[in-house]
Amino acid sequence: MKDILVVFGSMTPEHDLSCKSAATILEGIDREKFNPIAVGITKEGKWFYTEASTEDIKSATAWLESPTNKKCMLDTDFGSHRLIVFEDDNTVSFKNVDCVFARIAGNMGEDGKLQGLFEVAGIPYVGCGVMSSACSMDKDISYMFADSIGLRRPQTQVLWKKDFDEKGKGLVEDVKEDLAAKVGFPIFVKPTSTGSSVGISKAHDEEELWKALEVAFSYGDKVVLEENIVGTEIKVGILGNDDPKIGALCELTANGDFNDFDTKYIAHSSTKKIPAELDPETEAMIKDYTIKIYKALDCKGFSRIDHFLTEDGQLVFNEVNSMPGFQPTSVYPVLFDAIGMSYTELITELLELAMENK
Ligand SMILES: Nc1ncnc2c1ncn2[C@@H]1O[C@H](COP(=O)(O)OP(=O)(O)O)[C@@H](O)[C@H]1O
Ligand SMILES: [Mg+2]
């Protein structure tokens, strides 16, 4: 029996989604093989050991009231493999940790920082390592990897908060002379450090561009502007370390202006075709590029890699999600369910891959 630390929450705009995915992992994990221990990180960054119900964890708030909660920290001594729990009587207790599944997306979870902590402690963890997490998270940096394997990606322009503060609307003029002169409007405006479409806008003119910049810079210091790619979205689930396998492919049509936060998590208004209906050559080309970029970034465990497919059959890279949505109904688990791998089997495989990797 292996002791698995399931970590959720954290100081990310995707906190609530993390709680939902982690709760379903606690429900889906094979309890004949694994003994899960739950730790929630609050929005303020405090760590609590908890025995709250999965329903309370899913709510993202109710678990905070659980009387079972105890302050805790990971023992960072290399190889100690334990969680230190602070008991009410001012003593500490220890919980063995064989492997971590920190299902936290966005900054402080998907960007390599938390992965670094697990490396320091010498504890195996599910998913990509420090470098691949950090480079996948930063949309601008991940495009450099696409370039390195000859995979087309949107034309971009990078902007920094310092210039936004100093130049104000003058920055819009810079964009008019640079990216807008090359590709015209609409232009996508994205913080480089978020996921789940948080802080992303599609600007159709200069006025919307200015508003989009104000939103994007409220999330971080680096913003990437992108050419609008017209095509369907293809989402590819990939699983493995050195010899990764691919699940079914998903073809997504947003139906609205784009696949924004509301479309993804509130209205659920996009149309998904799983498996995608593609000709075998196109499908093979997509799988080939997906494996190439996974390897170029040195990804481990899993990722959901998204592309656009244009009407004339060109593949354009969108992003690597190194910590994909992981509720049983999220795209990634559904892609593997479609090839006969249940949610529980998927969790087992990810934990085994993590322990094999270390
Ligand atoms: N360059 C682009 N051209 C067309 N649509 C885009 C482009 N970039 C993003 N989108 C749309 O916005 C959505 C969110 O952008 P994405 O880069 O995937 O960010 P996130 O990491 O938040 O998921 C995509 O699913 C797609 O619908
Ligand atoms: Mg995306």
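Only a predicted model underlies this, so the values are computations on that prediction, with no experimental measurement involved. (Residues numbered from 1 in each chain as written. Chains lettered and ligands numbered in written order. Predicted model: local features only at pLDDT ≥ 70, side-chain atom pairs only at ≥ 80, totals over all residues. Heavy atoms only, no water.)

A closer look at the overall build of the protein
Inference 1: Looking only at helices and strands, the protein features 13 helices and 16 strands.
Inference 2: Computed over C-alpha atoms, the radius of gyration of the protein comes to 21 Å, within 12% of the 21 Å expected from 2.2 N^0.38 for 358 residues, which places it in the range of a compact globule.
Inference 3: Seen through its principal axes, the protein has C-alpha atoms that stretch 65 × 50 × 35 Å.
Inference 4: Contacts in the protein between residues at least 24 apart in sequence constitute 65% of all its contacts with a sequence separation of at least 6. (Helix = DSSP H or I, 4+ residues; strand = E, 2+ residues; numbered from the N terminus. Rg over C-alpha atoms; globule rule 2.2 N^0.38 Å. Contact = heavy atoms within 4.5 Å.)

A few points about a nonpolar patch on the surface
Inference 1: A surface patch of nonpolar side chains, about 350 Å² in accessible area, is lined by Met73, Phe86, Val92 and Phe94.
Inference 2: Relative to the elements of secondary structure, Phe94 occurs in strand 6 (residues 92-96).
Inference 3: Overall, the relative accessible area of 44% leaves Phe94 in the partly exposed class. (Patch = residues over 30% accessible without salt bridge, like charges linked within 9 Å, V, L, I, M, F, W, Y side chains within 5 Å. Areas by Shrake-Rupley, 256 points an atom, 1.4 Å probe, with all protein chains shown as cover. Salt bridge = Lys/Arg side-chain N within 4 Å of Asp/Glu carboxyl O. Buried < 20%, exposed > 50% of the residue type's maximum accessible area, 1.4 Å probe, protein only.)

Regarding the packing of aromatic side chains
Inference 1: One pass over the full model with this rule turns up 12 aromatic pairs.
Inference 2: Seen in terms of ring centroids, Phe118 and Tyr125 are 5.7 Å apart; in terms of plane orientation they differ by 45°. Their pairing is tilted.
Inference 3: The ring of Phe48 carries the charged tip of Lys71 above its face, separated from the ring centre by 5.4 Å.
Inference 4: In this arrangement the basic side chain of Arg82 is found over the ring face of Phe94, its NZ or CZ atom lying 3.8 Å from the centre. (Phe/Tyr/Trp six-rings, centres within 6.5 Å; stacked < 30°, edge-to-face > 60°. Lys NZ or Arg CZ within 6 Å of the ring centre and 35° of its normal.)

Considering the domain arrangement of the protein
Inference 1: Splitting the protein by domain gives domain 1 (2-125), domain 2 (135-153 + 230-357) and domain 3 (156-227).
Inference 2: On a C-alpha basis, the centres of domain 2 and domain 3 stand 25 Å from each other.
Inference 3: Taken together, the contacts link 16 residues of domain 2 with 20 residues of domain 3.
Inference 4: A buried area of about 1,400 Å², summed over both sides, lies between domain 2 and domain 3, and 48% of it is on carbon and sulfur atoms. (Domains from an automatic or database assignment. Buried area = accessible area lost by both parts, 1.4 Å probe.)

Description of the environment of Gly106
Inference 1: For Gly106, the position within the fold is in the loop between strand 7 (99-102) and helix 3 (113-121).
Inference 2: With a relative accessible area of 0%, Gly106 lands in the buried category.
Inference 3: Sequence separation of Gly106 and Ser193 is 87 residues, and the distance between their C-alpha atoms is 6.7 Å.
Inference 4: Each residue touching Gly106, except ones within four places of it in the same chain, is listed here: Thr12, Glu14, Asp111 and Met137.

Quick word on the packing of helix 7 (residues 170-177) against helix 9 (residues 206-217)
Inference 1: Packing of helix 7 against helix 9 leaves a shortest axis separation of 10 Å and a crossing angle of 115°. The angle between helix 7 and helix 9 places the two elements in the roughly perpendicular class. Viewed along their axes, helix 7 and helix 9 form a crossing whose handedness is right-handed. Residues Leu171, Val172, Val175 and Lys176 of helix 7 form the contact with helix 9, whose participating residues are Glu206, Leu209, Trp210, Leu213 and Phe217. (Axes fitted to C-alpha atoms, helices over the stretch in contact; angles between N-to-C directions. Parallel < 35°, antiparallel > 145°, perpendicular 65-115°, else oblique. Left-handed = near helix turned anticlockwise from the far one by under 90°.)

Some points on the pairing of strand 1 (residues 2-9)
Inference 1: Most of strand 1 is tucked away, with seven of its eight residues classed as buried.
Inference 2: Where the polypeptide runs from strand 1 across helix 1 (residues 15-28) and back to strand 2 (residues 34-41), its parallel neighbour, the crossover connection is right-handed.
Inference 3: In the sheet, strand 1 pairs with strand 7 via four bridges, with the strands oriented parallel. Looking at strand 7, one finds that Val7 is bridged to Ala102. (Right-handed = clockwise from strand over helix to strand, strands pointing away. Pairing = 2+ DSSP bridges.)

So, the packing of helix 1 against helix 13 (residues 343-357)
Inference 1: It is the contact of helix 1 with helix 13, at a shortest axis distance of 9 Å, that shows an interaxial angle of 95°. Considering their axes alone, helix 1 and helix 13 lie roughly perpendicular with respect to each other. Within the contact between the two elements, helix 1 uses Ser21, Thr24, Ile25 and Gly28 and helix 13 uses Tyr343, Thr344 and Ile347.
Inference 2: Here the residues of the contact of helix 1 with helix 13 sort into three nonpolar, four polar and no charged. (Nonpolar A, V, L, I, M, F, W, Y, C, P; charged D, E, K, R; others polar.)

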